[in-house]
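Spelled out, the chains give:
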Amino acid sequence: MNFGRGPSVVLNVGGTRYSFSREVLKDFPLRRVSRLHGCLSEQDVLEVCDDYDRERNEYFFDRHSEAFGFIMLYVRHGHLRFVPHMCELSFYNEMIYWGLEGSHLDYCCQRRLDDRMSDTFTYYAAEEPNGGPEGKGRRPPGAEGRKWLERMRRTFEEPTSSVAAQVLATVSILFVIVSMVVLCASTLPEWRAPENRSVEEQSRYTAESVREPSGIIEAICIGWFTAECIVRFIVSKNKCEFVRRPLNIIDLLAITPYYISVLMTVFTGENSQLQRAGVTLRVLRMMRIFWVIKLARHFIGLQTLGLTLKRCYREMVMLLVFICVAMAIFSALSQLLENGLDLGTKNKDYASIPAACWWVIISMTTVGYGDMCPITVPGRILGGICVVSGIVLLALPITFIYHSFVQCYHELKFRSARYSRSLSAEFLN
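Residues numbered from 1 in each chain as written. Predicted model: local features only at pLDDT ≥ 70, side-chain atom pairs only at ≥ 80, totals over all residues. Heavy atoms only, no water.

Peer 1: Quick rundown of the state of the cysteines? Include the residues and the values.
Peer 2: In the structure shown here, the tally under the stated rule is zero disulfides. Looking at the unpaired C324, the closest cysteine sulfur is the one in C357, lying at 9.3 Å. (Disulfide = S-S within 2.5 Å.)

As structure tokens, then:
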């Protein structure tokens, strides 16, 4: 240490004193404390601590003394846990002050911190800078334009943020419903009758289908979705982040097939290549079913499902591993008992292990189509064990997924309530 005198220094944290030698501070595990070793003047010291007593060579930190005591236990023994009856976020704030991170916590406390931060995520993410009365006043140049873009972005991204956003969301939902009704109706036998025409009639029908009522409705819906996607892209803050969002990728997958099918129809014309392209066109048109996922922008339930799957991917992977391991074991045993052994009766449905995997998956999920079943006594006993094992294995990760689902629902509901309050203020104004 280049400042202060004496063989030892005293740290006073919230009234609790700790005495250390000068050499210990040089490589102290807490970054804020180790910075004291390089201080050259009293001014440098006051940038690290809150006060300094030259006579006692004592450094005062106005921080939580009990929290620092638990942090010192980590310095001595290498284990960092939360202070009982103390908010996890408050203790995490103390950790950041002294130079620690969430990874220094024990695993159980890391999970508590993650859950706590997940619960309070919207409290910080939804705050708007300069949104309160203290933020009003003289604005920098270009603030009006940025405010207008932000208002447009919230109108298209948050359905409950304003009256215009609610109207826009309602219109978008109506277009999705209409497009889905037309897609479902197009698979009816009455609508599919023109597909049985000859190749020449089929090519002429495909060219003229755009002018039919269903084609006109489809073109209007596609036009609306395209315009909506373009406007949302223009007013977005980060264009790269906009392209990477899952819902925007789904929008692109739902819109692009229509334009591809139109281009294929234009380029093929009355050529016989249209017959070979017919399957491709039907596949592209059927991709419009992705429009249903657009409803996730307007319903908390679908948003909660997507957010839960995103946060519980570890539990989902664990569930898939359980199923795969059970499938490998039970399919091999069932194939051996039903077809592999010479017991006088061979079940041809279990001729191979891949074929037995189908029976295992429908048994573990308790679906039981009945298209294949064991006929030997050992095979039936194995089938019962397979069913019971499936119930147990599928139920194990459900608790974690359920708790995450509840947290995600409350989080999204809180954010929706915030925008509803801003909507009420708009009505009052």
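Peer 1: Requested: an account of the UniProt feature "transmembrane region" (unreviewed entry) in the protein chain, with residues and values cited.
Peer 2: Within this numbering scheme, the UniProt entry marks residues 163-188, 215-235, 247-269, 289-309, 316-337, 349-369 and 381-405 as carrying the feature "transmembrane region" (unreviewed entry). Overall, residues 215-235 shows 100% helix and 0% strand. The separation of its end C-alpha atoms is 30 Å. Annotated as 57% helix and 0% strand, the span residues 349-369 places its first and last C-alpha atoms 14 Å apart. (UniProt positions renumbered as here; feature names shortened; annotations may be inferred. Helix = DSSP H or I, 4+ residues; strand = E, 2+ residues; numbered from the N terminus.)

Peer 1: Report on the pairing of strand β2 (residues 16-21), specifying residues and quantitative values.
Peer 2: Sheet topology note: the strand β1 (residues 8-13)/β2 ladder contains six bridges and is antiparallel. Counted as the bridge partner of L11 is Y18 from β2. The hairpin formed by β1 and β2 contains two residues between the paired strands, and G14 there has a positive phi angle of roughly 60 degrees. (Pairing = 2+ DSSP bridges.)

Peer 1: Explain the pairing of strand β4 (residues 58-61) to me, using residue names and the numbers behind them.
Peer 2: For β1 and β4, the ladder comprises four bridges, and the chain directions are parallel. By the bridge assignment for β4, N12 is matched with F60. Relative to β4, strand β3 (residues 51-53) runs antiparallel, the two being bridged by three bridges. Its bridge partner being in β4, Y52 is matched across the sheet by Y59.

Peer 1: Now, about the environment of P354: what can you tell me, with residues and values included?
Peer 2: The residue P354 is located in helix α18 (residues 353-364) in this model. Residue P354 is classed as exposed on the basis of its relative accessible area of 62%. (Buried < 20%, exposed > 50% of the residue type's maximum accessible area, 1.4 Å probe, protein only.)

Peer 1: I'd love a proper account of the nonpolar core, names of residues and values included.
Peer 2: Counting 35 residues, the largest nonpolar core has Y59, F61, F91 and W98 as its most contacted members. Breaking this core down by element, the ones donating at least two residues are β1, β2, α3 (42-48), β4, α4 (65-77), α5 (88-98) and α6 (107-119). (Core = buried A, V, L, I, M, F, W, Y, C linked by side-chain atoms within 4.5 Å.)

Peer 1: Account for unusual backbone geometry, naming residues and giving values.
Peer 2: Note on backbone geometry: most residues besides glycine have negative phi, and most peptide bonds are trans. A positive phi is found at N57, a non-glycine position, where the angle reads about 55 degrees. Its relative accessible area of 4% is what places N57 among the buried residues. Despite not being glycine, H85 has its phi angle at roughly 65 degrees, a positive value. Inspection of the secondary structure puts H85 in the loop between α4 and α5. What makes H85 exposed here is its relative accessible area of 89%.

Peer 1: If you had to explain the pattern of salt bridges to someone new, which residues and values would you point to?
Peer 2: Any two side chains of opposite charge can pair, so long as their charged atoms come close to each other. In the structure shown here, the tally under the stated rule is eight salt bridges. E42 is the salt-bridge partner of R54, the closest N and O atoms lying 2.9 Å from each other. With R54 in the loop between β3 and β4 and E42 in helix α3, this residue pair connects regions lying twelve residues apart in the sequence. We classify E42 as partly exposed; its relative accessible area is 31%. With a shortest N-O distance of 4.0 Å, R56 and E58 are connected by a salt bridge. With a relative accessible area of 54%, R56 lands in the exposed category. A single network of salt bridges, built from pairs that share partners, joins R17, D53, R56 and E58. (Salt bridge = Lys/Arg side-chain N within 4 Å of Asp/Glu carboxyl O.)

Peer 1: Can you explain a nonpolar patch on the surface? Please cite residues and give values.
Peer 2: A surface patch of nonpolar side chains, amounting to about 520 Å² of accessible area, comprises Y313, V317, V321, V325, I329 and L333. With respect to the helices, strands and loops of the structure, I329 is situated in helix α17 (residues 313-340). (Patch = residues over 30% accessible without salt bridge, like charges linked within 9 Å, V, L, I, M, F, W, Y side chains within 5 Å. Areas by Shrake-Rupley, 256 points an atom, 1.4 Å probe, with all protein chains shown as cover.)

Peer 1: Explain the packing of aromatic side chains to me, and be specific about the residues and the numbers.
Peer 2: Inspection of every chain in the model, using the stated rule, returns twelve aromatic pairs. With centroids separated by 5.1 Å and ring planes inclined at 70 degrees, the aromatic side chains of Y18 and F68 adopt a geometry described as edge-to-face. Taken as a pair, Y18 in strand β2 and F68 in helix α4 lie far apart in primary sequence, 50 residues in all. Judged by relative accessible area, F68 falls into the buried class, the value being 0%. Both rings, one in F82 and one in F91, keep their centres 5.5 Å apart while their planes meet at 80 degrees; by these two values the pair is edge-to-face. By the burial criterion, F82 is buried, and F91 matches it. Through successive ring pairs, a cluster of aromatic residues spans Y18, F61, F68, Y97 and W98. Above the ring of Y97, the side-chain terminus of R32 is found at 3.8 Å from the ring centroid. The ring centre of Y97 lies 4.0 Å from the NZ or CZ of R63, which sits over that ring. (Phe/Tyr/Trp six-rings, centres within 6.5 Å; stacked < 30°, edge-to-face > 60°. Lys NZ or Arg CZ within 6 Å of the ring centre and 35° of its normal.)

Peer 1: Lay out the sheet that holds β1 with the relevant residues and their values.
Peer 2: Taken in spatial order, the four strands make up an open sheet running β2-β1-β4-β3, and their pairing is mixed. A single partner strand is all that each edge strand has here, and the edge strands are β2 and β3. With strand direction ignored, the average angle separating the axes of adjacent strands in the sheet is 20 degrees. On top of the sheet, α4 reaches β1 and β2; it is set at about 35 degrees to β2, its chief contact. (Axes fitted to C-alpha atoms, helices over the stretch in contact; angles between N-to-C directions. Contact = heavy atoms within 4.5 Å.)

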